[in-house]
Amino acid sequence: MTGQQTALQAFRQQFGDSGDIRLFFAPGRVNLIGEHTDYNGGHVFPCAITLGTYAAARKRSDRKLRFFSANFPETGVRETSLDELNPLEKCGWIGYPKGVVWAFAERGCRLDRGFDMAIYGDIPNGSGLSSSASLEVLTGLVLRSLYGFEEITNQDLALIGQKSENEYNGMHCGIMDQFASAMGMENHAIFLDCSTLQYTYAPIELQGMKLQVTNTNKKHSLVDSEYNLRREQCAEALKDLQQELPVHALGELSIEQYETYKSLIRDEVCRRRAKHAVYENQRTIQAVEALQARDLQKFGRLMNESHVSLRDDYETSCPEADILAEEAWKIPGVIGSRITGGGFGGCTVSIVRDEAVEEFISTLSGIYREKVGFDASFYSLGIGGGPREITET
Ligand code: GLA
């Protein structure tokens, strides 16, 4: 059964078959380079993937909100209402759709009636491929479509998703994940300047190569608190730099400026965090230039440098992802490999020549099992389009 069929079947089973049931999809994302730069006013280079979250949804005539996830059938139908939207409440996965309903209302887009929604996602859980951002963008699309909020653009869906995640769910993420999901374009990555939200699409033509995503399958906790801590450390570094430099964000600094003024940052840990933010932003700009010049080798080298920086300076990698990236670097035919996403687990992203893919998978899976004690998972991902209503079944 396809993802959309699973969502539709779950909807019919839980909520019945009558009325106007509509189907929607929003993608997850993988970031090629530019990690932890978004909330530092820097650049990112993610793409939407063909995996994502599907929803079947229907308006109700009362104020109830009912949610069902075919990924967590054991939790059954979760029922709440438009009068029970409480930021920072702890309510599990329904905090994501509820947060988006709340963020719509904050923008003046109030719902008069509730809705039923069944979802199914094919993004592996906890993989760092943005299942939560895809659910937020998806919910935004459902609301825009069912309630006729036509003035809401796809970029608004990204901003609404981020606001809901920040203020309703307490995760102080940047804009990258929601933007990649809401603005995705097939076979293109998005080069986004997070300080202005100006962006361009760059075609990803990997002739003779594959985009391999490898999941550490590491169950992580503390991600949100460690993530929020990184943000605070960057903010502290910026404050120290502002004693002498009139900048608004770490993303404004050149490498030369950072090196000249870094001694202003009093705390050694904050200094390393800032170093990553500044260098990673410059790496991202260079990587996109390299891609445009068809210098894939350089793109790959920058990916590897990004991993080292996340491992040593930003400390958001983990031993499992380090093994995957470092072992990948040794395989001829691997152009580049790095941890992708928020970190502390999740996936690596690698560019691998077609003829090396088999060796990549067999070598890494053997070493990983031996060193880590459980299996990594391997996916060859397609770069997909943005969120959409599905009219064909
Ligand atoms: C998470 C956040 C993003 C971004 C990445 C790191 O995915 O949601 O905003 O900061 O981490 O690049």
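Procedures and definitions
Residues numbered from 1 in each chain as written. Predicted model: local features only at pLDDT ≥ 70, side-chain atom pairs only at ≥ 80, totals over all residues. Heavy atoms only, no water. Near = heavy atom within 4 Å. Polar contact = N/O pair within 3.5 Å; in protein donor to acceptor, adjacent residues only side chain to side chain. Areas by Shrake-Rupley, 256 points an atom, 1.4 Å probe, with all protein chains shown as cover. Nonpolar A, V, L, I, M, F, W, Y, C, P; charged D, E, K, R; others polar. Phe/Tyr/Trp six-rings, centres within 6.5 Å; stacked < 30°, edge-to-face > 60°. Helix = DSSP H or I, 4+ residues; strand = E, 2+ residues; numbered from the N terminus. Buried < 20%, exposed > 50% of the residue type's maximum accessible area, 1.4 Å probe, protein only. Core = buried A, V, L, I, M, F, W, Y, C linked by side-chain atoms within 4.5 Å. Contact = heavy atoms within 4.5 Å.

**Student:** For this particular structure, what's the right way to read the site of the ligand?
**Tutor:** In the vicinity of the ligand, the contacting residues are Arg29, Glu35, His36, Asp38, Tyr39, Cys173, Gly174, Met176, Asp177, Tyr227, Gly341 and Gly342. At 3.4 Å, a backbone N or O of Gly342 approaches an oxygen atom of the ligand. Considered on its own, the ligand offers 310 Å² of accessible surface; in the complex 96% of this is hidden by protein. Taken together, the residues of the shell around the ligand sort by class into four nonpolar, four polar and four charged.

**Student:** Whenever I open this one, the packing of aromatic side chains confuses me. Can you help?
**Tutor:** The relation between two aromatic rings is expressed through the spacing of the ring centres and the mutual angle of the planes. Scanning the model with the defined rule gives 16 aromatic pairs in all. A centroid spacing of 5.8 Å and a plane angle of 80° characterise the contact between Phe67 and Phe115, whose relative ring orientation is edge-to-face. Linking Phe67 in strand E4 (residues 64-69) with Phe115 in strand E6 (residues 115-121), this pair joins segments that are 48 residues apart in sequence. With 5.4 Å between their ring centres and 70° between their planes, Phe179 and Tyr199 make a pair best called edge-to-face. Taken together, the residues Phe179 in helix H5 (residues 176-183) and Tyr199 in strand E8 (residues 198-203) connect sequence positions 20 residues apart. Note on Phe179: relative accessible area 1%, which makes it buried. Aromatic rings pair up to connect Phe67, Trp93, Phe104, Phe115, Tyr147 and Phe149 into one cluster.

**Student:** What am I meant to see in the nonpolar core here?
**Tutor:** Generally speaking, a soluble globular protein has its nonpolar side chains buried in company with each other. Counting 45 residues, the largest nonpolar core has Phe104, Leu111, Phe115, Met117, Leu143, Phe179 and Leu192 as the members making the most contacts within it. Broken down by element, this core gets its largest block of residues, eight residues, from helix H3 (residues 131-147). Residues within four places of Met117 in sequence aside, it is in contact with Phe11, Phe15, Ala55, Ala56, Ala57, Arg66, Phe67, Phe68, Pro97, Leu135, Thr139 and Val142. In terms of nonpolar packing, the next biggest core, distinct from the first, is built from 31 residues, Phe191, Met209, Leu296 and Phe299 among them.

Geometric descriptors of this kind do not, in isolation, establish any biological role.
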